[in-house]
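Chain by chain, the residues run as shown.
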Amino acid sequence: MPHSFGAYLILYIMVDLFNYTRRASSVAHIGAIDLGGDNPIRIQSMTTTNTNDTEACVQQAEEIIKAGGELVRFTTQGSREAENMKNINAGIRADGYQTPLVADVHFNPNVADVAALYCEKVRVNPGNYVDPARKFIKQEYTDEEYAHELQKIEDRFVPFLNICKEHHTAIRIGVNHGSLSDRIRNRYGDTPEGIVESCLEFLRICKKEKFHDVVISIKSSNTVVMVRSMRLLVEEMEKEGMNYPLHLGVTEAGEGEDGRIKSAVGIGALLADGIGDTVRVSLSEEPAAEIPVARHLVDYIGKKKGHLMIPAAACPSFDWLRPTRRETVAVGNIGGSHVPVVISNRINGESTICENKDATPDYIYIGGKMPKQFVAGQSYIIDYNVYETLNSKPETTGAKLYPIFPAMAMPLIASIKADVKFLTLQFGTPAEEYIACLKAHPEVVVICVSNHQNRLGDQRALVHEMMNAGLKNPVVFAEMYQHGKEEKSDFQLEAAADMGALMIDGLTDGIWLMNNGDIPAQTIDETAFGILQAARLRTSKTEYISCPGCGRTLYDLRETIAKIKEATKHLKGLKIGIMGCIVNGPGEMADADYGYVGAGPNRVSLYRKQVCVEKNIPQEVAVEHLLALIDSDKQ
């Protein structure tokens, strides 16, 4: 009988929501390094070179290593590529590097057997290791038929484990949301439960065979699915007496700022809860460019270690495994069923005109000083002590002004008339005082701030305290940073990582990013909107689900991404998948509107949703065909 996920009468949270500690995991031995346990969180990447090209693979692998990569992965789509890992391994060792090499195997378990001879670790995908490649077909399995399929997996997987034992080769059970088997999808649906069960089927065999050098990954291009699935896996492993180390990544994250923000939302949400033992940031860029991004995320979250204890109590109704949006009563356009708002700073009298109309903040905070110009229809937040003075000036005609109060000014909230009011609070503010205030003033939106070393735990603590008191006022999270213009990427990674779990938890009615430095206000605004889009909370632009490429990619991926983005950037709300090959293509594009998938050397197939509508188009005309398909559907 398949494992049941039915028993959830009592929520058992595997992490302390408010106090950071790393999850305790077993240790996997991978060549010259150990992973998990008390070892550092390891950083890795994957080559994009043809695995039959020894020289190119050695060169690119060493570029990754020199950038700080601690493991390097190679695609081994056939026995020939797996056999050549012997030469690649020898070349890298000859140059003095002991970095473990990882073979990436799909569809063919025989290839995994060969790769285990020459690599320190082999990644297998439960969705296609024994199960046939998914065809998105409907098929019902009896319990007996399902048990027979599980036995087929064990019969084939155990010999592979024996090879790995003999050669001291570690394995990664790497589940991709985009390549779940039809068998799993038909029994569990396209759900986190199905993703986790796909993984557990293999882990139970590892446990039974006493094979311990195991690492696990669950990846998705959807950050919400990725985070919820990994949380559920941690819970289910604990129930079954497993504590294997975990590999984190958002697959098909894309490139540039969007790829970095999306990766930081998903990876950061898990790292901040102490989950994760190795990280790969998948960007559609040169592999070595992934390393500093992953390094910064890991180092930034690691600064939480040893923080002052946060004495908070979790709300009993909060479900960390299956969070839903916190129930609030809308205040204006904030909370309730509204998408989260964006608040931005324009202080010291600077202009409040926003050039990027797709990233115009819902509210602009101007402090206590008149801006150069008020924009008709724009909503402004003004310090409470000058609110009535500024609100009466003729220059504000057509603009909407709202007061903001610090915690110490709570007694004055009733004295000012406004439909929407803002109150700045942080955990530790006397609860009796602010709870009474918020109950008496449902028109107040809470601005949750923190200067704690673990701001996630501190901000969670305030909202849980509010939930325990039965308060339904909306909450906007305000995050402050100090970065110069040249540190824009660091700012974006940190903000996305800090907001990740708060958004996945369903606590976010708005986001307010601030920076004490010379990063332009428009960049800060665009980052806020990008973070919300990465968490699937608010769409403000076209979304691209693009893979990083590997040796399976048989067309110029980066050039194609640039061409498609330029031609479709105006199509706000559209999701377009750009995939190097068929391994995850149709699956990861499950919620994409259109897909562009490599089908062979310089050949491409086009998809509408998960349905292939054009096959094997020459690459030189494929983008034009994609645009024609999009245009035809508009008519």
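Residues numbered from 1 in each chain as written. Predicted model: local features only at pLDDT ≥ 70, side-chain atom pairs only at ≥ 80, totals over all residues. Heavy atoms only, no water.

A.B. asks: Just give me the short version of the overall build of the protein chain, but keep the residues and values in it.
C.D. replies: On a plain count of helices and strands, the protein chain comes out with 17 helices and 23 strands. For 635 residues, the compact-globule formula gives about 26 Å, and the C-alpha radius of gyration of the protein chain, at 26 Å, lands near that figure. Along the longest, intermediate and shortest principal axes, the C-alpha atoms of the protein chain span 75 × 55 × 55 Å. Scored against the burial criterion, the 635 residues of the protein chain give a buried share of 60%. Counting only contacts in the protein chain whose residues sit at least 6 apart along the sequence, the fraction spanning at least 24 positions is 67%. Carbon and sulfur atoms provide 51% of the accessible area of the protein chain, an area that totals close to 24100 Å². Put simply, the protein chain has 67 plus and 82 minus side-chain charges, and the middle of one group is 2 Å from the middle of the other. (Helix = DSSP H or I, 4+ residues; strand = E, 2+ residues; numbered from the N terminus. Rg over C-alpha atoms; globule rule 2.2 N^0.38 Å. Buried < 20%, exposed > 50% of the residue type's maximum accessible area, 1.4 Å probe, protein only. Contact = heavy atoms within 4.5 Å. Areas by Shrake-Rupley, 256 points an atom, 1.4 Å probe, with all protein chains shown as cover. Lys, Arg positive; Asp, Glu negative; His and termini not counted. Charge placed at Lys NZ, Arg CZ, Asp CG, Glu CD.)

A.B. asks: Tell me about the layout of surface pockets, and name the residues and values.
C.D. replies: When its volume is computed, the largest pocket comes out at roughly 390 Å³. Taken together, 19 residues make up the lining of the largest pocket; nearest its centre are D258, N356, E526, K541 and T542. When contributions to the lining of the largest pocket are tallied by element, the ones reaching two or more residues are α8 (256-271), α14 (521-534) and α15 (557-568). The element contributing the most residues to the lining of the largest pocket is α14, with four residues. Classifying every residue of the lining of the largest pocket by side-chain character gives five nonpolar, six polar and eight charged. (1 Å grid on protein atoms, 1.4 Å probe; cavity = no way out; pocket = protein on both sides within 12 Å on 5 of 7 lines; lining within 4 Å. Points joined across faces, edges and corners; volume = space filled by probe spheres on them. Nonpolar A, V, L, I, M, F, W, Y, C, P; charged D, E, K, R; others polar.)

A.B. asks: Tell me about unusual backbone geometry, residues and numbers included.
C.D. replies: For F107, which is not glycine, the phi dihedral falls at a positive 75°. Within the secondary structure, F107 is located in the loop between β5 (101-105) and α3 (109-118). One non-glycine residue, K210, lies in the positive phi region at around 55°. Within the element layout of this structure, K210 appears in the loop between α6 (192-208) and β8 (214-219). Residue K210 is classed as exposed on the basis of its relative accessible area of 62%.

A.B. asks: Tell me about the nonpolar core, and name the residues and values.
C.D. replies: Generally speaking, a soluble globular protein has its nonpolar side chains buried in company with each other. Ranked by internal contacts, the top residues of the largest apolar core, which has 152 residues, are F157, F160, I171, L203, L233, V279 and I531. Examining the composition of this core, we find that 10 residues originate from one element, helix α13 (residues 488-504), more than from any other. Each of domain 1 (27-303) and domain 2 (341-535) gives at least three residues to this core. When residues no more than four places from it in sequence are discounted, the contact partners of F157 are V124, Y129, I171, I173, F202, I205 and C206. Ranked by size, the runner-up nonpolar core spans 25 residues in total, among them M579, A592, L606 and L629. (Core = buried A, V, L, I, M, F, W, Y, C linked by side-chain atoms within 4.5 Å. Domains from an automatic or database assignment.)

A.B. asks: Explain the UniProt feature "binding site: [4Fe-4S] cluster" (unreviewed entry) in the protein chain residue by residue, including any values.
C.D. replies: Per the UniProt record, the feature "binding site: [4Fe-4S] cluster" (unreviewed entry) sits at C547, C550, C581 and E588. As for its placement among the helices and strands, C581 is situated in the loop between β20 (575-579) and α16 (585-588). By relative accessible area, C581 is classed as buried at 15%. (UniProt positions renumbered as here; feature names shortened; annotations may be inferred.)

A.B. asks: Which residues make up the packing of helix α11 (residues 431-440) against helix α12 (residues 455-468), and what values go with them?
C.D. replies: Put simply, α11 and α12 touch, their axes get as near as 11 Å, and they point 60° apart. As judged from the angle between their axes, α11 and α12 are oblique. You can see that α11 and α12 cross each other, and the crossing is right-handed. Along its contact with α11, which presents A431, Y434 and L438, the element α12 presents L462, E465 and M466. (Axes fitted to C-alpha atoms, helices over the stretch in contact; angles between N-to-C directions. Parallel < 35°, antiparallel > 145°, perpendicular 65-115°, else oblique. Left-handed = near helix turned anticlockwise from the far one by under 90°.)

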